[in-house]
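# Structural description and commentary
In case you want the letters, here they are:
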Amino acid sequence: MNRVLGLTGASGYIGQAVLRIAVTSGWTIVAIGRRPVEGAAAWRQADLNSNPSDDLIDGLDAVLHLAANTDNGNTSPASELAFATALATRCAAKGTPLVFVSSQASAADAPSDYGRTKFAIERAITPSGAVSVRPGLVIGGREGGLFGLLVTLVRKSPLLPVLLPRPSVQPIHVDDLAKILLLACTRRDLAGRILCAAGESVSFDTLLAAIARHRLRLRRRRLPVPLVLLRTVLLVLRPILGPRLSPSRLDSLTRLRPLDAHSDLVELGVVLRPLSSALDRRGRGTRAMLLEAYALARALTGRTPPASLMRRYMRLLHTAGQRDALPLPAALLDRPAWLASIDMPAKNKHAPLTGGLAWRMGVVARLAETEPTLADLFLVTQDRSGMLAASKDIAKASLCELHSRCIGPLARRLAKGLL
Amino acid sequence: MPKEPVIIIGAGPAGASAAHALRERGIPVRILDAGTTRISLPPPGDLLGLRFGDPQQWRWQLGSHGEGLAAPAQASPKLRVPGFRSIFEGYEEANRIVPGGDFHLVGALAAGGLSNAWGCGVARFDSDELGALNADRAALNASYDRVGRRMGLSGASQDALSDYLGLDDISAPALPLDSLHSRLWQHRQRTGDGLRIGRARVAVLGEAREGRQGCDLSGMCLWGCSRRSTWSAAYEIENLKLDPGVHFDAGNRVDALHPDGAGGWWIEAQTASGPRRYRADRVLLAAGTLATTRLALGALQNRPDELRLQSNPMAAFLLWLPAMLGTPRERAFGLAQLSFVFDPASIGPIFGNLFSTQGLPVNEFLAHLPLSRRAGLPLLRALMSSCLVGNLFLPGDLSAHRLRLAADGSLRVTSGRDPRQDAALDEARATLSRSFRRAGAWMLPGSFVASAPGADLHYASTLPISAQPSAHECRLDGELAGLPGVHVIDGAALPKLPAKAHTLTIMANADRIARSLQVPL
């Protein structure tokens, strides 16, 4: 495959991910923009402020339009709309697929120019067969875009704000989005569609906490902040903070409409990585998976598990086709006793045969029984024999079970949907 | 293609026995076997040493690719051992056998057949159990002795099962009991209810012999005996291969038999490199009851709509010996150490065995407790070393499975049960619970579990030897009445399937048939 993709916004946060993935999957990239972009095979000059030239898309097999004015710079919504419309007309005339990256904020009555402009462009280009993709909150990869801002915020702030009422976001890893965009560039059957590309809904503070935990490996306390109060502060500090933290941006967040991405993702055949993997620096679930093995093994044995157990856990899960950690809440990951109280095989009979929490706990239990350093948990040795030691074990089991029965119902609620 | 005097299909216990007998008569033999794989054995050493010392034990316990994790429920832990995986794999597809309902189908393609992973239980059938085979009882008893001596049996002991199992004269003394079984053995007279307890008679060597070492009580029986103390037909096949009069063709999956028009048979086989044909005067079917039945039904002109298949309805239970609480783990034989039999009035003797829990993974039990695994671990550490596992078998006529050859040539198996089966299991549980308790062993509540139909793997009696055989039954020499020249020598030919272990009888019968076979030379 050697197809040529025209890419606007190639230097941006999403653009860079698209560039990297497109090149490795065989695309030749022509960057379209004000400046040449490293990694692209060629550059064609264009500006959102002026209409695209007639020959801008000559020789391209598809065009992916990412460029947007994100920080009230020197482009107007009108010129953005004009550029996109002209681009769509040229693409339609030549039969070149056009994919436009819209936003979850896209709405006729969106609180920001950004959202309203996206909506206007969608409306203008859809009739000519262009595909619009509305991504959720894009995260992961290098710290750019809104994600970069959030990471900086979490890194610098000693407390994590819990906005009240709690707004929801639907994070998607930038690489997952890039794959979806490239798919949309090749799927002619999607012409004229508006696709949603977004992950499961989580509260905004859950996302911040996950950034702290999985991306920065920091512990942060949470602080409830009424939205009204925050908005007032942002309004007052507006001259100092600049447009990146404007009240309208906050409004965009709190008034997001949920995206129903499920059917589109199924149609595209894309499975999104879970939050913990998405926030892992390597973009894979390695660390999250090891943390999971650690937590489950501690829950079962009450000991720090040997590293070999955690490695083999990953290996066995991979061979079983399980490449990601479960999105276990920190409240469970940090409390082995809570996890242990969920691990009740008799109660989990209806859990899925592979993949879920119940199955994973079984894998850890089987692995623990193959670790020489844990063998004494399974077998009575000469020096631990006798009625007294056995009675102690039985007493320990009873106390442990009693404890499990007390916290089990709560712990099970936390693990809802994961069993 | 030259016509050979005898071709044996299948290299399990029956095929190996017949091949031995034919070679002793100087008759050249070709053996066709579907298997290409070998079992992989755990490293040498004893279980406790390996459990505390082998950093790579996950490979033999779970398999490098987690083979041990994917597990059928309610089946023997043997079926989950990664090293044995290759024995059972691909059997249904290769032999075109389709289980229906809740029938638990297991078969083996590997050379040695199911004996690669068997429990080594042996017994001699009495005249009632032999049915139509009684007509040739003297020859059969001679075959029992010959085969038993070649395998190497142990368990001889003047006890309550001496007559019932009938092998003391050809067996070496029993292997040592571990401390739990010793205690039960001491109190065996207290049981009452007609429950008779004796030493288990097993095909296991106590002393080294012919390339096999004697049992050192390593406790590794479940995972595979690297000392080869437990008998497997695969060892006999290895020896047979060294004999220039034996042609062993591995990787030959026999598909069909056709008459060659001159009193012999064409054998159509599939190999990795395409179809192959063989021709023989006599065909000995030893592919295992189900595969043998499919081949026979496929060749029969007037085939019955349905055949009956017997297997032993089976259950397992746990016994706890409170007096032994806190016993440390010790070296112990991992297969049956004691056996028991009792005789409820209506259904015939019920037979069972007791095993150490030593060699079994704690996880086998952990997943069935009504507790969290975290609490289950210390509980089982405390209890397991004072527990025994038991199994029991009901006579095969309490099963009522059916076989049918489908239009596409596959063999359909449907499970069925005799209405008396549930009552018999209930009675067995009550009797065992009561009598073992008198001997100081408590059946743990909820631990008595009936296995899925077919999970015993004792498939038998589909083409039984009969005094007046119909077309799909066998004459005394195993020849199918409707297929002259085709002899059934495996479990399919057994007239009856009592509760006691039947492998030795299959082998003795194969030996007997092979010795009396009329072969044109």
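Scope of this entry: the structure provided in the associated data block. Bear in mind the structure is a predicted one, so any value in this text is a computation, not a measurement.

### A look at unusual backbone geometry
Here the bond from Leu-164 of chain A into Pro-165 of chain A is cis, since omega is -5 degrees, no more than 30 degrees from zero. Along the chain, Pro-165 of chain A falls in the loop between strand 8 (159-164) and strand 9 (168-169). Positive phi, normally seen in glycine, also occurs at Leu-217 of chain B, with a value near 55 degrees. Tracing the backbone shows Leu-217 of chain B in the loop between strand 6 (196-199) and helix 10 (233-241). At Ser-461 of chain B, a position not held by glycine, the phi torsion is positive, near 65 degrees. Along the chain, the position of Ser-461 of chain B falls in the loop between strand 19 (449-450) and strand 20 (486-488). Here Ser-461 of chain B falls in the buried class, since its relative accessible area comes to 7%.

### Some points on the sheet that holds strand 1 (residues 3-8) of chain A
Residues and elements named next belong to chain A. As summarised here, the arrangement of the 7 strands in space is 3-2-1-4-5-6-11, forming an open sheet in which the pairing is parallel. Lying at the two open borders of the sheet, with one neighbouring strand each, are strand 3 (42-45) and strand 11 (194-197). Here the strands of the sheet are splayed against their neighbours by 25 degrees on average, with no regard to which way each runs. Bridge count for strand 5 (residues 98-101) against strand 6 (residues 131-135) is 3 bridges, and the pairing is parallel. Note that in strand 6 the partner of Val-99 across the bridge is Val-131. Across the sheet, helix 2 (residues 77-94) touches strand 4 (62-65) and strand 5, and the angle it forms with strand 4 is around 170 degrees.

### Comments concerning empty space enclosed by the protein
Residue and element names in this part refer to chain B. This model, assessed by the stated rule, comprises 7 cavities of 30 Å³ or more. Put simply, the largest cavity is a space of about 130 Å³. For the largest cavity, the lining is made up of 17 residues, of which Phe-84, Asn-116, Gly-224, Cys-225 and Thr-230 are closest to its centre. When its volume is computed, the second largest cavity comes out at roughly 110 Å³. Along the walls of the second largest cavity sit 13 residues, with Asp-178, Leu-180, Ser-356, Gln-358 and Ser-385 positioned nearest its centre. Along the lines of polarity and charge, the residues of the lining of the second largest cavity split into 5 nonpolar, 5 polar and 3 charged.

### Topic: the interface of chain B and chain A
Across the contact, 44 residues belong to chain B and 47 residues belong to chain A. Taken together, the two surfaces of chain B and chain A that pack against each other cover about 4,200 Å², and 62% of this comes from carbon and sulfur. Area buried by chain B at its contact with chain A is led by Arg-373, Arg-374 and Arg-381 of chain B, which between them contribute 21% of it. Where chain B meets chain A, there are 2 salt bridges. Its salt-bridge partner being Arg-381 of chain B, residue Asp-393 of chain A comes within 2.8 Å of it at the nearest N-O pair.

### Details of the side chain of Ser-339 of chain B
Residue and element names in this part refer to chain B. Relative to the assigned elements, Ser-339 resides in strand 13 (residues 338-342). With a relative accessible area of 2%, Ser-339 lands in the buried category. Those residues within four positions of Ser-339 in sequence are excluded, and the remaining contacts are Leu-161, Arg-196, Ile-197, Gly-198, Arg-199, Ala-200, Phe-351, Gly-352 and Asn-353.

### Some words on the state of the cysteines
Under the criterion given, the structure shown has 0 disulfides over all chains. The cysteine Cys-91 of chain A is free of any disulfide, with Cys-185 of chain A supplying the nearest cysteine sulfur at 10 Å.

### Some remarks on the pattern of salt bridges
Residues and elements named next belong to chain A. Summed over the entire model, instances satisfying the criterion amount to 59 salt bridges over all chains. The salt bridge partner of Arg-213 is Asp-334, with a shortest N-O separation of 3.0 Å. Of this pair, Arg-213 sits in helix 6 (residues 204-215) while Asp-334 sits in the loop between helix 14 (330-333) and helix 15 (336-342), and the two are 121 residues apart along the sequence. Overall, the relative accessible area of 16% leaves Arg-213 in the buried class.

### Section: the packing of helix 4 (residues 145-156) of chain A against helix 6 of chain A
Residue and element names in this part refer to chain A. Packing of helix 4 against helix 6 leaves a shortest axis separation of 10 Å and a crossing angle of 70 degrees. The orientation of helix 4 relative to helix 6 falls into the category roughly perpendicular. Contact with helix 4, carried on its side by Phe-147, Leu-150, Val-151 and Val-154, involves Phe-204, Leu-207, Leu-208, Ile-211, Ala-212 and Arg-215 of helix 6 and no other residues of that element. For the contact of helix 4 with helix 6, the residue count by class is 9 nonpolar, no polar and 1 charged.

### Regarding the pairing of strand 13 of chain B
Residues and elements named next belong to chain B. The element strand 13 is extensively covered by neighbouring structure, given that 5 of its 5 residues are classed as buried. Residues Leu-338, Phe-340 and Phe-342 of strand 13 are buried on one face, and the alternating residues Ser-339 and Val-341, pointing to the opposite face, are buried as well. Direction of pairing for strand 6 relative to strand 13: antiparallel, over a ladder of 4 bridges. Across the sheet, the residue bridging to Gly-198 is Ser-339, located in strand 13.

### Brief notes about the packing of aromatic side chains
Residues and elements named next belong to chain B. Counting across every chain of the model gives 9 aromatic pairs over all chains. Taking the centre distance of 5.9 Å and the plane angle of 35 degrees together, the rings of Tyr-164 and Phe-351 count as tilted. In this pair, Tyr-164 is assigned in helix 8 (residues 162-165) and Phe-351 in strand 14 (residues 350-356), connecting sequence segments 187 residues apart. Neither residue differs from the other here; Tyr-164 and Phe-351 are each classed as buried. An aromatic cluster is defined as three or more aromatic residues linked by ring pairs; in this entry it consists of Phe-317, Phe-340, Phe-436 and Phe-448. Taking NZ or CZ as reference, Arg-199 lies 5.5 Å from the ring centre of Trp-185, over its face. Between the NZ or CZ atom of Arg-277 and the centre of the ring of Trp-266, over which it lies, the distance is 4.1 Å.

Cut-offs used in this document
- Residues numbered from 1 in each chain as written.
- Chains lettered and ligands numbered in written order.
- Predicted model: local features only at pLDDT ≥ 70, side-chain atom pairs only at ≥ 80, totals over all residues.
- Heavy atoms only, no water.
- Helix = DSSP H or I, 4+ residues; strand = E, 2+ residues; numbered from the N terminus.
- Buried < 20%, exposed > 50% of the residue type's maximum accessible area, 1.4 Å probe, protein only.
- Pairing = 2+ DSSP bridges.
- Axes fitted to C-alpha atoms, helices over the stretch in contact; angles between N-to-C directions.
- Contact = heavy atoms within 4.5 Å.
- 1 Å grid on protein atoms, 1.4 Å probe; cavity = no way out; pocket = protein on both sides within 12 Å on 5 of 7 lines; lining within 4 Å.
- Points joined across faces, edges and corners; volume = space filled by probe spheres on them.
- Nonpolar A, V, L, I, M, F, W, Y, C, P; charged D, E, K, R; others polar.
- Buried area = accessible area lost by both parts, 1.4 Å probe.
- Salt bridge = Lys/Arg side-chain N within 4 Å of Asp/Glu carboxyl O.
- Disulfide = S-S within 2.5 Å.
- Parallel < 35°, antiparallel > 145°, perpendicular 65-115°, else oblique.
- Phe/Tyr/Trp six-rings, centres within 6.5 Å; stacked < 30°, edge-to-face > 60°.
- Lys NZ or Arg CZ within 6 Å of the ring centre and 35° of its normal.

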